[in-house]
Structure formats: C-alpha cells, structure tokens
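# Residue-level structural notes
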Amino acid sequence: MGIRFSGNGGARPDPRVEERRAQEAHGLAAKRNDPASPYFQGDSPARADRRRFVLRSMAALGASGGLLRTASAQAPLGSVEHEVPPDASKTQGYPLADESYGARSQFETEVRRRFKTATPQSSWTMTPLESGCGIITPSGLHFERSHGGTAVIDPAKHSLFVHGMVRESKKFSMKDLRRFPSMSRTMFIECSGNGLTEWSKPTMRTVQFTHGLTSTSEWTGVPLATVLKEAGVRPGAKWLLCEGGDAAAMTRSIPLPKALKDCFLAYGQNGEAIRPEQGYPLRLIVPGFEGNTHIKWLRRIEVSDAPFMTREETSKYTDLLPSGKAVQFSFEMEAKSVITSPSGEMALDGPGFYEITGLAWSGRGTVRRVDVSVDGGKTWRRAALQTPLLPICHARFRLPWQWDGKEAILQSRCSDDTGYVQPTLGQLIAVRGLNGPLGSIYHLNAIQSWHVAADGKVTNVHHY
Amino acid sequence: MSITTRGSLGFALAALATAASGAGTQGATYGFGTTPSQAELARFFSPQPDGRGLPPGSGSVLEGKSVYQQQCASCHGENLQGGTGDRLIGGRGSLANADPKKPPVKTVESYWPYATTLFDYVKRSMPLTAPDSLTDDQVYALTAYILEQAKIVPEDAIMNAQALPKVVMPNHDGFVPDRRPDRFPPAARAPHEDMAIAPAAK
C-alpha cells in the first residue's frame, strides 16, 4: 500500500468530519503565526524573535499608554501578562506575592482543544502532545472526556456508597477516605476512542487531534481493595457497578478481580486535589483499562454477581466488527506509541539535526523498547527511553536524526514487557476489518506515519 | 542507652506498622465510614438484564408517546430518527458490513442487546436538561414506546419490572468477549528484524 495523505481519501467528505477539520485548521492558523508554536511558519527564527519582542513591547506600551487593551485579553490562557523589559537583568522583576497559585509564562500558548461534538457537555478535549516534554501531562492540559459536562461537587457534601453483595453497606465521606493508608501511582489514562478518525484514511492533521486522548498524571488515593474490605464483599460476588455523580451518572461494570488487584480511588493529581474535569473530588482509577472505566465524580459502588450491561458497555464502548458481532468488555489499552515531534503540520527548517521524540505506553505493562524508522518501516533504529520506566505509564523516547533534506516517513513502534509489539495499521485492519469509515472505532493502537516532504512540511499519512 | 531504646522503639513501631498493614489487607478493618440508611440507598437504581433492580411501576406505549413528544422529540426527532441526540430506531441488517465508506447504523433497535439498559439509561441520564427527573412510570412508558417504534413489542405492550426483562432484543446475541491480544498476520517486515540501520530497499 502506498502513502495516503490526509484529506486525499477519495471518499465523499463527511460534513461533520470536514467541520472538525476546519476547526482544527483554525487553531493551526493562529499557531502558524505564533513564533512560540512548533507549527510556526511565518518567519526565520531571528526575525521571529524580533517580531515577538516587538509584539510584546507593543502590548506593554498598550497597557501603559492607555489603549483599549486589557492585560487579560493579551495573556494566553493560564498566564498573566507582564511588561517585557528590553533586558530583564537591568530592572527588578515583578514582586513575589504574599500568596499565589502560579501561572505559566505569558509566552506559552498551548491549550487543550475540543473535538466538536454535538454538545459541549458530552464531548472531549485533547492534549497538545506536540509541545509536551518528559512524561507528565500538566493537570490543566490533561485530556477530558465527559458525558454530561463537568460536575461541580462540594467535597464536604460528597459521599461514596458501597452496597449490594456486601456484609454491611457503607457510606464514606471524603474525610473518611483520606484516613485510609494512601498510595500514589504515575500512570497514563487513554480514551479508547483515541484516534477514531484515523481508521480508514488519515483525517486529522496534528498529533493533538490524532493522539491527544492520552495523558499521564501522578494519582494519589486509597486502594479500592481497602475500601471494599470495610464493607466485606460476600462470596459469589464477581462484578462492581461504579457510578459517577455527574449528569450522565456515568456507569461501568468492573470485574471484581481487577478491582482487588490494582484499582484505587484517587483524590490527588500531580500533588494537589484532582481537577474538577478529572472527577473532583473522587475518581476511580482502573490501571491500563480504557479511560471511560475510570469513573469520575465517583459516588457509588454496587457489588454483584454479574455485569450490569449499562449503556456505555453495550451500545457505546464496544468494538463492532465486519461480521456484525461486537467485542464487549475490551478493557485493556494495548501498547501504542507516537512521534510527537516532528509531527503533523510542523515544518522542518532545512536539512540538519533534529531530535525525533515521542511517547509510548501500554495498559498491559511496561514499555520495554521503542524503534523509530525514517524510511516508512524499511529499517528501524532503537530509540533511547527516559528512565525510570513505569508500568502503565507514558514512556518518553528520543532519537537523534540528521535529516538529509529528502522525503522521509517517520514511524515509531513499541513493545511492552508482555512481548506484544505495536502493529501496523495494515495488521490491525487485517484482524479487525473496517466496519464503516470509523472502523471498529475504539482501540486503534497502530503505528502512526508522518510524511516529511523535501520542503520540510510534515503531514499525517497512512503508510503500511 | 537512649539510642538503643529509640532504636528498639523504632523497630517495634515498624513491626507494628507491618502487622497493622497486614491486618489491613487480610484481616481486620479500619472501621471508617458509617452505615447508610435505607432512604439514602433508595435513590440509587441499577437494573440488570434479568430484571433485578427494576423498580415497581408500569407504562404503556400510548403514555410513552406522549412523554416522548414532550421530553425527547426535540433532540431525538419526531420519528426517533435522531438529531442532537442519537437515532433510536432502524438500522437492522446494517451491522454486518465491510464497506469502509458506509457506516453501520447503531440504534436501540439494531444494536442494544438488553431492554433493561434502555430503562436504566433513560432514567439516570435523560432528558439532557433535567436528568433523573422522570418518574418510574414515565420511564417504563418511554421504554415501551421506543421498543414499539422499533417493532420489538406490540402496540398494546405494557412495560414493568416483569415484562421488560422478557423482551428479546434483535441484537441480543451480537456480542462476543474480548480475545485480545490479537494474533497479527506478519507485517511486510518483521518487527525488530533489524537492530541497526540497514540500507533502504531499492
């Protein structure tokens, strides 16, 4: 199979997909003019720096000169605009506040971007992987997937109920839950729909939109086994129903052995309380399982002898095959990797040295190896992996690359400690088939290809 | 002496902690949390396909039609054809499909394996602007109406805790367990075949 470029699929364009592509393009247009963005295409680096200085100086002038511009209108999300002196070593910086929370640099512009679903309540936003470094996703950039908006819950009034096939029903306040022995785990969560647009043809343009539904945080909480033991699970119990306290009352059935093995109830994320959009004040963590099982705003656990067959585990998060049969309870997120830089819509600034870097992860264990190809999979080189390598966690890989200025196809391929090797899209489709443009929708973990043109432009392509 | 004592105490505390954590995972409990009242648990529901967990109450197709038009039609369409909300009926025979350009039509009628799930989801999550606001009778009625429009139950059907689990959905046998990890056919070039840079194939 040859190279298929994004947008050249040949099929009649789906107006909804076209709209999403347009929305993505809109974000790109702004980034292409932003010298701080990896997508910047406007000027030479030297001119870009000068231009940024000029822009910021004008902004400062605007604030002090009484023009109709407010600081907040200037500052990118999550930052505060400060005057930029010509030389920061020749003047005092802004004072340290007596109390503060902190903000990122006013020069940083990366944001989560929402995939334009029918409503902004049942929707998802995607992490800008292209600008990430290391393995941790900043809490404010952790992808979101919610089915009824972000619930607002007062932790003082929140309770977790545990009932059903238990010796004694229990009600836990957040204070109760924080009294138990705690644990922390740095771990990725990936939505099983990550990449759903990419089954039959390359559709989205940037790594944010092809792979941005995976993020890594340090999560802190209490083992679910500890909490279940307080209620006393009765013999014969096999499944748990876990329910959120949001408008969707999001529910999934979790096998009891998994719950007892390594699930936990998280109240902490990256050193502070978990973010509202991640389930504040309490989220179920199901290590390595698809993101939607990590029930946010967790309010109830019912113990039973059978799965509950909720809407999410029958009509939604099931993988329909060409035979007409659908795979159910496909929980594990299998080994996957992607090159985050260079990636779609970036532009290489002429031949020379580039670091190829990206992320690899596996819901079944620990990433053991990542290989990178610059010739579309003909030859592979082993990438360096950032240590420590943690189970069920993003792994950062890096490989030095001298680009000769010729056309190239960049790919990464990972394997985990179970011996599983990330498949090509061709291998995956050979097994799963393509039931419609979105294939079986979920669990697309194939090798991603980025095409580098002789002019340095990087594009999302299919090549397998 | 004091050092020895402190050391011994530290050791004893460590041993105690080990014993406590051992007890925490195997034997004794911590005693945290309280016992919820029946009233507190009564607000929760979670029916299963065999009918366990379904509340009392009932509703007819005709009653359901009325509730549907007031509460559901604006998102799911006058004829259940979908809109902002999912399409609810049709699509039978579309699931077996190997055409990458033609999407399957997944609806309550064509895809959902259990009728109890319909009751559960409508009750907990619908309507969008006021979830969990319908009475059990209204939800049974809506369930009856949607199933009737899907040509699964007759016009005179009454849905309740006894009748709903007996409804056999068209796609009842449409689901198979997860058998991954997949056994993939060989790739064009076997993974990890080359440890070092090899010349590109001509």
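What counts, and at which threshold
Residues numbered from 1 in each chain as written. Chains lettered and ligands numbered in written order. Predicted model: local features only at pLDDT ≥ 70, side-chain atom pairs only at ≥ 80, totals over all residues. Helix = DSSP H or I, 4+ residues; strand = E, 2+ residues; numbered from the N terminus. Buried ≥ 20, exposed ≤ 12 C-beta atoms within 10 Å, placed from the backbone. Contact = placed C-beta atoms within 7 Å. Pairing = 2+ DSSP bridges. Nonpolar A, V, L, I, M, F, W, Y, C, P; charged D, E, K, R; others polar. Axes fitted to C-alpha atoms, helices over the stretch in contact; angles between N-to-C directions. pLDDT = per-residue confidence, 0-100. Arc of directions from axis to C-beta. Domains from an automatic or database assignment. Parallel < 35°, antiparallel > 145°, perpendicular 65-115°, else oblique. Left-handed = near helix turned anticlockwise from the far one by under 90°. Core = buried A, V, L, I, M, F, W, Y, C linked by C-beta atoms within 7 Å.

## Points about the overall build of chain A
The number of helices and strands found in chain A is nine helices and 25 strands. Counting over 464 residues, chain A shows a buried share of 50%. Contacts in chain A between residues at least 24 apart in sequence constitute 71% of all its contacts with a sequence separation of at least 6.

## Comments concerning the overall build of chain B
If you tally the helices and strands in chain B, you get six helices and three strands. Taken from the N to the C terminus, the helices and strands of chain B come in the order α-α-β-α-α-α-α-β-β. Here the analysis covers contacts within chain B between residues at least 6 apart in sequence; of these, 56% occur between residues at least 24 apart.

## Remarks on the pairing of strand S14 (residues 298-304) of chain A
All names here are of chain A. Most of S14 is tucked away: six of the seven residues are buried. Where strand S5 (residues 159-164) lies against S14, four bridges are found, and the strand directions are parallel. Along S14, the bridge assignment pairs Phe161 with Arg300. Pairing geometry for strand S9 (residues 239-244) and S14, over six bridges, is antiparallel. Each bridged residue has a counterpart across the sheet, and for Leu240 the counterpart in S14 is Val303.

## A look at unusual backbone geometry
Phi is mostly negative for residues that are not glycine, and the peptide bonds are mostly trans. Residue and element names in this part refer to chain A. Of note, the bond from Tyr280 into Pro281 is cis; its omega dihedral lies within 30 degrees of zero at 10°. Along the chain, Pro281 turns up in the loop between strand S12 (272-273) and strand S13 (283-285). In this structure, Pro388 follows Thr387 across a cis peptide bond, with omega equal to 0°. By the element assignment, Pro388 lies in the loop between strand S21 (384-385) and strand S22 (395-403). Despite not being glycine, Phe329 shows a phi value in the positive range, around 55°. In this structure Phe329 comes out as buried when scored by C-beta crowding, with 20 C-beta atoms within 10 Å.

## A word on the environment of Gln71 of chain B
Mapped onto the secondary structure, Gln71 of chain B falls in helix H3 (residues 61-71). Placed 55 residues apart in sequence, Gln71 of chain B and Met126 of chain B show a C-alpha to C-alpha distance of 8.7 Å.

## Description of the interface of chain B and chain A
If you look at the interface, chain B gives 58 residues, while chain A gives 68 residues. Contributing elements (two or more residues each) for the side of chain B that touches chain A: helix H1 (2-26), helix H2 (38-42), helix H5 (115-125) and strand S3 (175-177) of chain B. Sorting elements by how many residues they give to the side of chain B that touches chain A places H5 of chain B first, with five residues. Looking at the side of chain B that touches chain A residue by residue, the classes come out as 31 nonpolar, 15 polar and twelve charged. With three bridges joining them, strand S16 (residues 326-328) of chain A and S3 of chain B adopt parallel strand pairing. Bridge assignment links Gln328 of chain A to a residue of S3 of chain B, and that residue is Pro177 of chain B.

## Considerations on the sheet that holds strand S3 (residues 123-126) of chain A
Residues and elements named next belong to chain A. Taken in spatial order, the three strands make up an open sheet running S2-S3-S4, and their pairing is antiparallel. The open sheet has two edge strands with one neighbour each: strand S2 (113-115) and strand S4 (144-146). Averaged over all adjacent pairs, the angle separating strand axes in this sheet is 20°, with direction ignored. Of the strand pairs in this sheet, S3 and S4 are connected by three bridges, and their pairing is antiparallel. Paired with Trp124 across the bridge in S4 is Arg145.

## Topic: the sheet that holds S3 of chain B
Overall, mixed pairing links the three strands, which are arranged S15(A)-S16(A)-S3(B) in an open sheet. What marks the edges here is a single partner per strand, and that holds for strand S15 (319-320) of chain A together with S3 of chain B. Here S15 of chain A pairs with S16 of chain A via two bridges, running antiparallel. Bridge pairing links Asp319 of chain A to Val327 of chain A in S16 of chain A.

## Description of the confidence of the model for chain B
Residues and elements named next belong to chain B. Confidence along chain B averages 85 in pLDDT terms, with 79% of residues attaining 70 or more. Low pLDDT, under 50, characterises residues 1-25; the stretch is placed with six contacts to residues that sit more than four places away or in other chains. The low-confidence segment residues 190-202 (pLDDT under 50) makes twelve contacts with residues lying over four places distant or belonging to another chain. Two numbers describe this predicted complex: its pTM, 0.88, and its ipTM, 0.87.

## Quick word on the confidence of the model for chain A
Residue and element names in this part refer to chain A. The share of residues in chain A with pLDDT of 70 or more is 88%, and the mean pLDDT across the chain is 90. Per-residue pLDDT stays below 50 along residues 7-13; that stretch engages in five contacts with residues further than four places along the chain or on separate chains. Below a pLDDT of 50 lies the segment residues 44-72, which in the model reaches 20 contacts outside its immediate sequence neighbourhood of four places, other chains included.

## Let's talk about helix H9 (residues 425-432) of chain A
Residues and elements named next belong to chain A. Looking only at H9, the buried set comprises Leu425, Gln427, Leu428 and Arg432. Axial view of H9: buried residues confined to an arc of 160°, hence all on one face. The secondary structure elements touched by the buried residues of H9 are strand S25 (458-462). Downstream of H9 by a residue or two, Gly433 has a phi angle that is positive, lying close to 70°.

## Some details on the domain arrangement of chain A
Once the domains are mapped, chain A shows domain 1 (9-90), domain 2 (121-327) and domain 3 (332-462). On the domain 3 of chain A side, the residues contacting the six residues of domain 1 of chain A number five residues.

## Section: helix H6 (residues 224-231) of chain A
Residue and element names in this part refer to chain A. Of all eight residues in H6, six are buried, a share of seventy percent or more. Taken together, the buried positions of H6 are Leu224, Thr226, Val227, Leu228, Lys229 and Ala231. Looking at the residues trailing H6, positive phi occurs at Gly232, about 80°.

## Things to note about the packing of H3 of chain B against helix H6 (residues 136-149) of chain B
Residue and element names in this part refer to chain B. Running from N to C, H3 and H6 point in directions that differ by 100°, and their axes come no closer than 7 Å. It follows from the interaxial angle that H3 and H6 lie roughly perpendicular. Residues Val61, Glu63, Gly64, Lys65, Val67 and Tyr68 of H3 form the contact with H6, whose own contacting residues are Gln138, Ala141, Leu142, Ala144, Tyr145 and Glu148. Class assignment for the residues of the contact of H3 with H6 results in seven nonpolar, two polar and three charged.

## Observations regarding the packing of H5 of chain B against H6 of chain B
Residues and elements named next belong to chain B. Relative to each other, H5 and H6 sit at 130°, their axes nearing to 9 Å. With respect to H6, the element H5 is oriented oblique. Judged by the twist between their axes, the crossing of H5 over H6 is right-handed. For the pair formed by H5 and H6, the contact residues are Ala115, Leu118, Phe119, Val122 and Lys123 on the first element and Val139, Tyr140, Leu142, Thr143, Ile146 and Leu147 on the second.

## Description of the nonpolar core
Residues Leu240 and Leu265 of chain A together with Ile146 of chain B are the most contacted members of the largest nonpolar core, which totals 115 residues. The two domains that each donate at least three residues to this core are domain 2 (121-327) and domain 3 (332-462) of chain A. If near-sequence neighbours (up to four positions away) are discounted, Leu240 of chain A is found in contact with Ser253, Ile254, Leu256, Ala259, Ile301, Glu302 and Val303 of chain A. Within the second largest apolar cluster, twelve residues are counted, among which are Leu438, Tyr442, Leu444 and Ala446 of chain A.

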